[in-house]
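Coordinate analysis (summary)
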Amino acid sequence: MYKITYVPTGHIFELPDDAANELKEKFPDDYKIIEKNGKKVRESRTKKTKKVNSKSIYSKVVEE
């Protein structure tokens with residue numbers, strides 16, 4: 001069983017392994033895994049990468 005939290009609301013759920021992994025794959029920014037089989041997990045958050053339109057010069061002109 002995995003204990004996951006829904007980040008936007010802060011609600012915590014305890015779900016089976018396959019269901020928790022499926023949610024994490026589909027919505028990686030909305031769910032955070034807290035525990036795996038009773039052991040605490042420290043999960044690193046990755047920064048979102050923006051898609052760059054190759055036909056636009058916007059990303060070359062504007063600094064982020």
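Residues numbered from 1 in each chain as written. Predicted model: local features only at pLDDT ≥ 70, side-chain atom pairs only at ≥ 80, totals over all residues. Heavy atoms only, no water.

Another aspect to go through is the overall build of the protein chain. Helices and strands together make up the secondary structure of the protein chain, namely two helices and four strands. Order of helices (α) and strands (β) in the protein chain, N terminus to C terminus: β-β-α-β-β-α. Buried positions account for 12% of the 64 residues belonging to the protein chain. Within the protein chain, residue pairs in contact and separated by at least 24 positions form 34% of the contacts whose partners lie at least 6 positions apart. Accessible surface for the protein chain amounts to roughly 5,900 Å². Of this, 52% is attributable to carbon and sulfur atoms. (Helix = DSSP H or I, 4+ residues; strand = E, 2+ residues; numbered from the N terminus. Buried < 20%, exposed > 50% of the residue type's maximum accessible area, 1.4 Å probe, protein only. Contact = heavy atoms within 4.5 Å. Areas by Shrake-Rupley, 256 points an atom, 1.4 Å probe, with all protein chains shown as cover.)

On to the pairing of strand β1 (residues 2-6). Inspection of the sheet shows β1 paired to strand β2 (residues 11-15) by five bridges, in the antiparallel sense. Residue pairing for β2: Tyr-6 is matched across the bridge by His-11. The turn linking β1 back onto β2 is made up of four residues, and Gly-10 within it adopts a positive phi angle of 85 degrees. Two strands pair when backbone bridges link them, and β1 and strand β3 (residues 31-36) are joined in this way by five bridges, in the antiparallel orientation. Looking across to β3, one finds that Tyr-2 is bridged to Lys-36. (Pairing = 2+ DSSP bridges.)

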